[in-house]
Amino acid sequence: MSVSGGCEICATGDAAFGCDRCGKLVCDEHYDRESGWCTECAGELRRPRDRTEQDEDDGFDDGVDTYRVD
Ligand SMILES: [Zn+2]
Ligand SMILES: [Zn+2]
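Rules behind the numbers
Residues numbered from 1 in each chain as written. Chains lettered and ligands numbered in written order. Predicted model: local features only at pLDDT ≥ 70, side-chain atom pairs only at ≥ 80, totals over all residues. Heavy atoms only, no water. Salt bridge = Lys/Arg side-chain N within 4 Å of Asp/Glu carboxyl O. Helix = DSSP H or I, 4+ residues; strand = E, 2+ residues; numbered from the N terminus. Donors = N, O, S within 2.8 Å, 3.2 Å for Na, K, Ca; no water. Tetrahedral: all angles 85-135°; square planar, octahedral: opposite > 155°, others 65-115°. Buried < 20%, exposed > 50% of the residue type's maximum accessible area, 1.4 Å probe, protein only.

- In the annotation of an unreviewed UniProt entry, the entry for the protein reads HIT-type domain-containing protein, and the organism field reads Halosegnis marinus.

**Here we look at the pattern of salt bridges**
Move 1: Inspection of the entire model under this criterion finds three salt bridges.
Move 2: The salt bridge involving Arg21 is made with Glu44; its shortest N-O contact spans 3.2 Å. On the criterion of sequence distance, the pair formed by Arg21 in the loop between strand E1 (17–18) and strand E2 (25–26) and Glu44 in helix H1 (residues 39–46) is long-range, its members being 23 residues apart.
Move 3: Between Asp28 and Arg33 there is a salt bridge, and its shortest N-O distance comes to 2.6 Å.

**Concerning the coordination of the zinc ion (ligand 1)**
Move 1: Looking at the zinc ion (ligand 1), one finds its protein donor set to be Cys7 (SG), Cys10 (SG), Cys27 (SG) and His30 (ND1), positioned 2.0 to 2.4 Å from the metal centre.
Move 2: Coordination geometry of the zinc ion (ligand 1): the four donor atoms subtend angles of 99 to 117° at the metal centre, consistent with an arrangement described as tetrahedral.
Move 3: For Cys27, a relative accessible area of 6% gives the class buried.

Laid out in structure tokens, this is it:
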């Protein structure tokens, strides 16, 4: 079955929006209204470097060391 007009990220939602950056057609869930981008582009903007998701909640900030061991 081919679903025309499906979200290009989740493939199940209705593609109701177009990303201003990559041109992807995405559903409401995968569209960032503030930026006008899809969540993939908006996510890239927020964190330019790819991080492993499990580290996100760790309060682990590279470059900002409050304690250093010499
Ligand atoms: Zn979607
Ligand atoms: Zn995009």
